Amino acid sequence: MRQDFAQILKDAKIDIRVEYQKLYGMLFDRSIDVLGGKRISVYDELSDNFIGFYFRGTCLSIDEFDNMHGFHFEKEPVDFNIDKLILLCEYIENMLMGYQSTFSVSGYGYMAMTAQIPINIQFYMMQIGQVIEKIGYMRANKDGLSIFVEKSSAAIAVAEIVPKELSYKVISYNHYTMKGNLNAKKETLFAFANLLEPQREKMSSIDNKFSSDLFYAFNNFNIRHNNISPESPKYKKPIADLTQEQLEYWYDEIYQMALLAFLKLEHAERKKAFDEIKHKIENKI
């Protein structure tokens, strides 16, 4: 049975609010001693070097970047939840990667670069990694940027099976920013349906009822066809009558079904080898 977050956090003996406050202090407290007795924060140092960050776009300052993307952190957030901790972890990690890249591009050797950087990047990365591990999350990367998502053994296994361009969608489906984003979830499920379609006959030979249910869902839950507009020839009133929250629930269920489909297909290949050695064992060959 899958554990809920309360059980995971209880077992891990971690207070997510305390971890948030520690990371907040690590980012904003002016604890770095520089020349002349001046003390700066990690955020100050990031700000001074932001112009060289590879993901800044057209933003000329870190403040402009934060305002554009809605990054506003408070020491004592109202309505605190785990998503705020995840966002802060993602922010710090990606900013540090951008910061580190400015030194790499400048042509510093490793030892020279280490001497030039006042931020102990490795320490920060280790701290974030430990927090993420304890709350049952994992890192996913795309285009040089990191996000953190709930660990899912099935999602990890499937991400290793599907084409590279789809693997990120498999993992990022569980990211907190996907909550309520039905269009993004629908896009992922649509991609799953297209990838599984050529293997539909094989799926049916493995588990006909399951295969029938999965493709029924793809075709009737407003994923591959317009099932919610009355004028559509594929209109399905029970689906059209669902609230956004109810439809999202079914999208999440279909996502789990699709993961299982990929794993069933993979197991079919494994079973051939298993049956061969089983035959040898049973027949004492």
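How each quantity is defined
In this numbering scheme, every chain counts its residues from 1 along its sequence in written order. Reporting of local features is limited, given that this is a predicted model, to residues whose pLDDT is at least 70; pairs of side-chain atoms are given and counted only at 80 or more, and all residues count toward the totals for whole chains, interfaces and linings. With hydrogens and water stripped out, all remaining heavy atoms of the structure feed into the side-chain values. Strands are treated as partners if at least two bridges between them are detected by DSSP. To qualify as a helix, a DSSP run of H or I must reach at least 4 residues; to qualify as a strand, a run of E must reach at least 2; elements of each kind are numbered from the N terminus. For this analysis, a nonpolar core means a set of buried residues of the types Ala, Val, Leu, Ile, Met, Phe, Trp, Tyr and Cys, connected via side-chain atoms within 4.5 Å. Accessible area is worked out with a 1.4 Å probe on protein chains only. A residue is then buried under 20% of its type maximum, exposed over 50%, and partly exposed in between. The term salt bridge refers to a pairing of a side-chain nitrogen on Lys or Arg with a carboxyl oxygen on Asp or Glu at a separation within 4 Å.

Undergrad: Please clarify how the pairing of strand β4 (residues 145–150) should be interpreted in this entry.
TA: Working note: regular strand, side chains alternate between the two faces of the sheet. By the bridge criterion, 6 bridges tie strand β3 (residues 137–142) to β4 in an arrangement that is antiparallel. Bridge pairing in β4 links A140 to I147. Counting the residues that bridge the hairpin from β3 to β4 gives 2 residues, and of these D143 lies at a positive phi of roughly 55 degrees.

Undergrad: Would you take a moment to explain the nonpolar core for this structure?
TA: Nonpolar side chains tend toward joint burial in soluble globular proteins. Among the nonpolar cores identified, the biggest contains 43 residues, and L46, L85, M95, L96, I119 and I135 are the most heavily contacted of them. For this core, the element with the highest residue contribution is helix α5 (residues 82–105), accounting for 11 residues.

Undergrad: Even after reading the chapter, I still don't get the pattern of salt bridges, so can you show me in this structure?
TA: Note on pairing: side chains with opposite charge can pair once their charged atoms come close. The full count for this structure, using the stated rule, is 18 salt bridges. K22 is paired through a salt bridge with E19; the nearest N and O atoms lie 3.2 Å apart. With K22 and E19 both in helix α2 (residues 16–28) and 3 residues apart, this pair spans about one turn of that helix. The exposure class of E19 is buried, given its relative accessible area of 11%. Ionic pairing is found between E187 and K169, a salt bridge with its closest N-O pair at 2.6 Å. Placement of the pair is E187 in helix α10 (residues 182–196) and K169 in helix α9 (residues 164–172), with a sequence separation of 18 residues. Residue classification places K169 among the partly exposed positions, given a relative accessible area of 24%. Three or more residues joined by partner-sharing salt bridges are found here, namely K185, E248 and D252.

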